[in-house]
Amino acid sequence: SASEGGVEVWVVGAVENMATPNARYTSKGSSQGQGTPKGGDKSSSSAMAKAMAKMEAQRELQSQRAQELKVGEEWNDTFRAKGNIRNPDVLTKFWAEVKLRLGKKFGSIQMAFRKLDSSGDGQITFLEFCDMMALISMPMDQRIFRQLFDKASG
């Protein structure tokens, strides 16, 4: 459509603008001298740079989340293996990863606890524990969640 084409021309023009600051671009279908000049407009270049930085930050966040999910799935596979759920070294490494992620997401373990204790009873229930694990990208089998929860809650 014409409006999409105009946006496309503006984006292309704005990107080219970064390399040639004095260039002028018009909207699609208009002759030279009509439409909105884009070249040399510092606010357009600044807006485009901000938009590109935002897109790059979003890509980085998606990549980071994908990596966290992959690690979470690896933990699930680790705990599927017989005996690992009772191995103190494996559990120590796992809980260190959980603490790191909680601190990163909430600022501290105490803040995480306050946010995750949705019932406000001062304890983390099994359902709150499952929610916590989902929030920090730790997808696991329900039975593994139950075993970890039972082990942690004594």
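Refer to the structure presented above.
If you're wondering where the values come from, they're calculated on a predicted model, not measured in any experiment.

(A) Just the overall build of the chain, in detail. Across its full length, the chain carries six helices and zero strands. Put simply, the chain runs from its N terminus to its C terminus through helices and strands in the order α-α-α-α-α-α. The burial tally for the chain puts 27% of its 154 residues in the buried class. Residue pairs at least 24 apart in sequence account for 46% of intrachain contacts in the chain once pairs closer than 6 positions are excluded.

(B) Expanded view of the pattern of salt bridges. Taken as a whole and judged by the stated rule, the model has six salt bridges. One salt bridge in this structure joins R80 and D141, with 2.9 Å as the shortest N-O distance. You can see R80 sitting in helix α2 (residues 42–80) and its partner D141 sitting in the loop between α5 (126–135) and α6 (142–153), a full 61 residues away along the chain. Given the relative accessible area of 44%, R80 is considered partly exposed.

(C) Just the packing of aromatic side chains, in detail. Scanning all chains against the criterion turns up eight aromatic pairs. Taking the centre distance of 6.3 Å and the plane angle of 55° together, the rings of W95 and F129 count as tilted. With W95 in helix α3 (residues 88–106) and F129 in helix α5, this residue pair connects regions lying 34 residues apart in the sequence. Assessed through its relative accessible area of 4%, F129 is described here as buried. An aromatic cluster of at least three residues, connected via ring pairs, comprises W75, F79, F94, W95, F126, F129, F145 and F149. Over the aromatic face of F126 sits the side chain of R146, whose NZ or CZ is 3.8 Å from the ring centroid.

(D) Looking closely at the nonpolar core. F79, F94, M133, M140 and L148 are the most contacted members of the largest nonpolar core, which has 24 residues in total. Contributing elements (two or more residues each) for this core: α2, α3, α4 (109–116), α5 and α6. When neighbours within four sequence positions are excluded, M140 is seen to be in contact with G72, W75, N76, F79, F94, M133, F145 and L148.

Cut-offs used in this document
Sequence order as written defines residue numbering, which begins from 1 separately in each chain. Thresholds applied to this predicted model are a pLDDT of at least 70 for local features of residues and 80 or more for the giving and counting of side-chain atom pairs; totals over whole chains, interfaces and linings are not thresholded and use all residues. The side-chain values count all of the structure's non-hydrogen atoms but skip hydrogen atoms and water molecules. Helix and strand labels come from DSSP, where a helix needs a run of H or I of at least four residues and a strand needs a run of E of at least two; each type is numbered from the N terminus. Note on exposure labels: buried denotes an accessible area under 20% of the residue type's maximum, exposed denotes more than 50%, and partly exposed covers the range between, all computed with a 1.4 Å probe on protein chains only. Here a residue-residue contact requires only that any non-hydrogen atoms of the pair lie within 4.5 Å. Salt bridges, as used here, are contacts in which a Lys or Arg side-chain nitrogen is within 4 Å of a carboxyl oxygen on Asp or Glu. Geometry of aromatic contacts follows a simple scheme: Phe, Tyr and Trp rings, the Trp one being its six-membered ring, pair when their centres are within 6.5 Å, and the pair is stacked under 30 degrees between planes, edge-to-face over 60, tilted otherwise. Note on criteria: charge over ring means Lys NZ or Arg CZ within 6 Å of the ring centre, with the direction from the centre no more than 35 degrees off the ring normal. Nonpolar cores are built from buried Ala, Val, Leu, Ile, Met, Phe, Trp, Tyr and Cys residues. Side-chain atoms within 4.5 Å join them into one set.

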